[in-house]
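# Descriptive structure summary
Listed below, chain by chain, are the residues.
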Amino acid sequence: MTHGNGRYAPSPSGDLHLGNLRTAVLAEAWARATGRGFRLRIDDIDAARSSEISADRQLEDLEAVCLTWDGSVARQSDTLERYEVALDRLVEDGLVYECYCSRKDIAEAARAPHAVPGRYPGTCRDLTDAQREQKLEELAAVGRVPALRLRAQVTEWSVREVFSDEATDGRYTGDVDDMVLRRGGAQDTGFAYNLAVVVDDTLAGIDQVVRGDDLLSSAPRQAYLAHLLELPEVEYVHVPLVLRPTGQRLAKRDGAVTLRQLPGETYAEKAAAARAWIDASIGDAALADPSLLSHEPVTWE
Ligand code: GLU
């Protein structure tokens, strides 16, 4: 038994689909079954893609499927100064550099013969001061600011992962690259998700992160950042995604099924149907003891 917390942290960019709601229920079950508290956080760091209306609807749906959380709902937009402190610390440690690349520059560099897919090719990592000045001027001339990237000292990192099939002996090792810490662009577009998540989880005493399998590859980057910032290590639990019968995963962007789209006369009926489907897909045994959860993907038909 521990005294830490689990959490669920949706991004308010649309209604949660049944896969998201299922993960939320699992996150609470896992936290409670391991003697932890359970927190809810609205991940609204990306202001352009987040909306208050969406956050309200997500909270309503989470409550409707009987999720309960401790304390008030945290919001990333309330803790921006904490991200600044974390970034400053990395800057002081000489671990941050400006990156002047556009998406197109990165895509082009990624096609080079020795490029590793998905990894920043390091174009701006070792520029001279004179080169930086020139790049900065070029960017300013088109009204853009540079991104800030981490000068990573490792190429991979190992995390505690207690569920995923991709873990060995309770650990998962994955890529770490010079990730963005603060986005660049036409104006200063804010802190990057990886930095924010690490700071937020520490602030809320989170020591267990249950989330969809699609974020497994982000875990080593996040854990490495936590290590550099001397923040506590968390335990990860990446659970299978809900798939369509075609094998594609449910995703907000292609209109995945949400609670409100379920058949039913009233919102309460739809919510009951959503929770019944979630419970059936998890099973009574795994609801009581989530370590018994099946590793098989779940299909929504
Ligand atoms: N807010 C992120 C999302 O909805 C998840 C963050 C996390 O669980 O670490 O994709």
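In this text, all values refer to a predicted model and were calculated from it rather than measured experimentally.

### Examining the packing of aromatic side chains
Within the structure shown, the criterion is met by 4 aromatic pairs. Ring centres of tyrosine 83 and phenylalanine 191 lie 5.6 Å apart, and the angle between their planes is 65°; on these two criteria the pair is classed as edge-to-face. Of this pair, tyrosine 83 sits in helix α3 (residues 80-92) while phenylalanine 191 sits in the loop between β8 (180-182) and α6 (193-203); the two residues are 108 residues apart in sequence, bridging distant segments of the chain. As far as burial versus exposure is concerned, tyrosine 83 and phenylalanine 191 are alike and both buried. An angle of 55° between the planes, with centres 5.0 Å apart, marks the rings of tryptophan 157 and tyrosine 224 as tilted. With a gap of 67 residues between them, tryptophan 157 in strand β6 (residues 156-161) and tyrosine 224 in helix α7 (residues 219-228) connect regions that are remote in the sequence. The ring of tyrosine 120 has arginine 149 sitting right over it, with the charged end atom 3.6 Å from the ring centre. Arginine 182 extends its terminal NZ or CZ atom over the ring of phenylalanine 191, reaching a point 4.4 Å from the ring centre.

### Focus on the sheet that holds strand β1 (residues 5-8)
Taken together, the 3 strands give an open sheet; going across it, the order is β1-β2-β3, and neighbouring strands pair in parallel fashion. The open sheet has two edge strands, β1 and β3 (74-75), and neither has a second partner. Relative to strand β2 (residues 37-42), β1 is paired through 4 bridges, and the arrangement is parallel. Residue pairing for β2: tyrosine 8 is matched across the bridge by leucine 40. Against the sheet, helix α1 (residues 18-33) makes contact with β1 and β2, and its axis sits at roughly 145° relative to β2, the strand it touches most. The sheet contacts of helix α2 (residues 52-64) involve β1, β2 and β3, and relative to β2 the element is tilted by about 155°.

### Structural notes on the nonpolar core
Ranked by internal contacts, the top residues of the largest apolar core, which has 37 residues, are Leu18, Leu21, Leu62, Leu67, Leu293 and Trp300. Contributions of two or more residues to this core are made by α1, β2, α2, β10 (235-239) and α8 (267-282). When residues in this core are grouped by element, the largest group, 8 residues, is from α1. Once residues lying within four places of it in the same chain are set aside, the contact partners of leucine 67 are Ala24, Val25, Glu28, Phe38, Leu40 and Leu62. Judged by nonpolar contacts, the second largest core, of 23 residues, contains Val96, Leu181, Tyr224 and Leu229.

About the thresholds
- Residues numbered from 1 in each chain as written.
- Predicted model: local features only at pLDDT ≥ 70, side-chain atom pairs only at ≥ 80, totals over all residues.
- Heavy atoms only, no water.
- Phe/Tyr/Trp six-rings, centres within 6.5 Å; stacked < 30°, edge-to-face > 60°.
- Helix = DSSP H or I, 4+ residues; strand = E, 2+ residues; numbered from the N terminus.
- Buried < 20%, exposed > 50% of the residue type's maximum accessible area, 1.4 Å probe, protein only.
- Lys NZ or Arg CZ within 6 Å of the ring centre and 35° of its normal.
- Pairing = 2+ DSSP bridges.
- Contact = heavy atoms within 4.5 Å.
- Axes fitted to C-alpha atoms, helices over the stretch in contact; angles between N-to-C directions.
- Core = buried A, V, L, I, M, F, W, Y, C linked by side-chain atoms within 4.5 Å.

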